Amino acid sequence: MYAYMDRLTLRDLEPYERKIYDKQQIERITDWVVDLDATARQLRLRSGRTLAYDHLLLATGSAPRKPTWKGLEKAREGVVHFVSLQDLQQCEQLTRSTKQAVVAGGGLIGVELVECLRFHGKRVTFLVREPWYWPVALGGVEAEMISDHIRRHDVDLRTDEEVAEVSVDGNGRVSGVKTVGGREFACQLLGICIGVQPAIGSARAGQHPATNGSRHSGFRLLRHFVAQCLGCRRL
Ligand SMILES: Cc1cc2nc3c(=O)[nH]c(=O)nc-3n(C[C@H](O)[C@H](O)[C@H](O)COP(=O)(O)OP(=O)(O)OC[C@H]3O[C@@H](n4cnc5c(N)ncnc54)[C@H](O)[C@@H]3O)c2cc1C
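This structure is a prediction, so every number in the text was calculated from the model and none was measured.

Some words on the overall build of the chain
And step 1. Scanning the chain from N- to C-terminus turns up 6 helices and 13 strands.
And step 2. When the 235 residues of the chain are sorted by exposure, 23% land in the buried category.
And step 3. In the chain, once contacts between residues fewer than 6 apart in sequence are set aside, the share between residues at least 24 apart is 54%.

Some points on the nonpolar core
And step 1. In this structure, V102, V103, L113, V114, F126 and L190 are the most contacted members of the largest nonpolar core, which totals 34 residues.
And step 2. Sequence-distant contacts of V102, that is, excluding residues within four places in its chain, are made with T125, L127, V177, F185, C187 and L190.

Structural notes on the site of the ligand
And step 1. By nearness alone, 13 residues border the ligand, and W32, V33, T60, G61 and V83 come closest of all.
And step 2. The class makeup of the residues in the shell around the ligand is 8 nonpolar, 4 polar and 1 charged.
And step 3. When residues are assigned to domains, the shell around the ligand turns out to be shared by domain 1 (17–60 + 200–230) and domain 2 (64–197), each giving three or more.

Here we look at the sheet that holds strand β2 (residues 42–45)
And step 1. One open sheet accounts for 3 strands, arranged β1-β2-β3; its pairing is antiparallel. On the outer flanks of this sheet lie β1 (33–37) and β3 (50–52), each paired with one strand and no other. The sheet shows a mean angle of 20° between the axes of neighbouring strands, taken without regard to direction.
And step 2. In the sheet, β2 pairs with β3 via 3 bridges, with the strands oriented antiparallel.

With respect to the pairing of strand β6 (residues 100–104)
And step 1. Among the 5 residues in β6, 4 count as buried, and that is most of the element.
And step 2. Pairing analysis gives 5 bridges linking β6 to strand β7 (residues 123–127), with the strands arranged parallel. Looking across to β7, one finds that A104 is bridged to L127.
And step 3. One crossover worth recording links β6 to the parallel β7 by way of helix α3 (residues 108–119), and it is right-handed.
And step 4. Where β6 meets strand β12 (residues 189–192), 4 bridges bridge the pair, whose relative direction is parallel. Of the residues in β12, the one forming a bridge with A104 is I192.

A few points about the pairing of β2
And step 1. Across 4 bridges, the pairing between β1 and β2 is antiparallel. Looking at β2, one finds that D35 is bridged to R44.
And step 2. Linking two consecutive strands that pair antiparallel, namely β1 and β2, is a turn of 4 residues; a positive phi of about 50° is found at R41 within it.
And step 3. Taken together, β2 and the strand that follows it, β3, pair antiparallel across an intervening segment of 4 residues, in which G48 is found at a positive phi of about 100°.

Some thoughts on unusual backbone geometry
And step 1. Of note in the backbone geometry, Q25 takes a positive phi value of approximately 55° without being a glycine.
And step 2. Given 6 C-beta atoms within a 10 Å radius, Q25 is considered exposed.

Reading the values: the criteria
Residues numbered from 1 in each chain as written. Predicted model: local features only at pLDDT ≥ 70, side-chain atom pairs only at ≥ 80, totals over all residues. Helix = DSSP H or I, 4+ residues; strand = E, 2+ residues; numbered from the N terminus. Buried ≥ 20, exposed ≤ 12 C-beta atoms within 10 Å, placed from the backbone. Contact = placed C-beta atoms within 7 Å. Core = buried A, V, L, I, M, F, W, Y, C linked by C-beta atoms within 7 Å. Near = placed C-beta within 6 Å. Nonpolar A, V, L, I, M, F, W, Y, C, P; charged D, E, K, R; others polar. Domains from an automatic or database assignment. Pairing = 2+ DSSP bridges. Axes fitted to C-alpha atoms, helices over the stretch in contact; angles between N-to-C directions. Right-handed = clockwise from strand over helix to strand, strands pointing away.

Here it is as structure tokens:
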């Protein structure tokens, strides 16, 4: 968030000073794991390199939940999430060509994205599906105070509004959303902040040798890998 608001550099986001890794004899590799062979205890990286291990910790974080809104699949540009460094870069790149934004999802990530977009002077409609902002944490009275504050920052905060449909322009860029209640909001940037799920894409992709080639759901496969790494049959 503070990087998007030009208050921190990307280097500031690094959790430790770089010299620590050498000092602690930790080899850092910037690459993606694309395959995991738990039987051979080996990882394959996107660069083609392989890495052997005795013990493996999977700490791949989370990925944005993807809704099934009508028309969303046609959007080739203008849809953003706010979870990864790649999301940040995409937000920064699209901000320049955005006048109006819609942010869907009334949680902490949603409000952070709203704040960043307001910082950059964009008109923002903030769609909250529930009757008030952040119901998992706030009661109605407290939420009303927070909502007043959000609105004082010129955010068009709408409660009881859920996206039903996404429209795109001739170039495939998002041009607006329609809600279940039938309201339409124009936008060139749509922020989807409706929660996250485990980032197990590479595990899900696999018909993995370690699973005898049979297809598994992401969770089952991940559990299988974790169990193998821990040296037990089942988790
Ligand atoms: C906008 C935003 C604001 C937040 N603010 C706060 C806050 O103020 N306070 C707070 O406590 N929490 C906050 N959080 C939550 C916090 O960032 C997460 O809970 C935390 O980062 C989770 O840590 P993690 O190590 O599990 O996953 P991550 O930090 O997501 O790390 C996972 C890593 O795995 C990498 N990875 C994934 N797949 C592969 C692969 N196949 N090969 C190689 N690498 C891979 C990813 O690139 C990433 O580097 C915020 C989150 C967001 C999105």
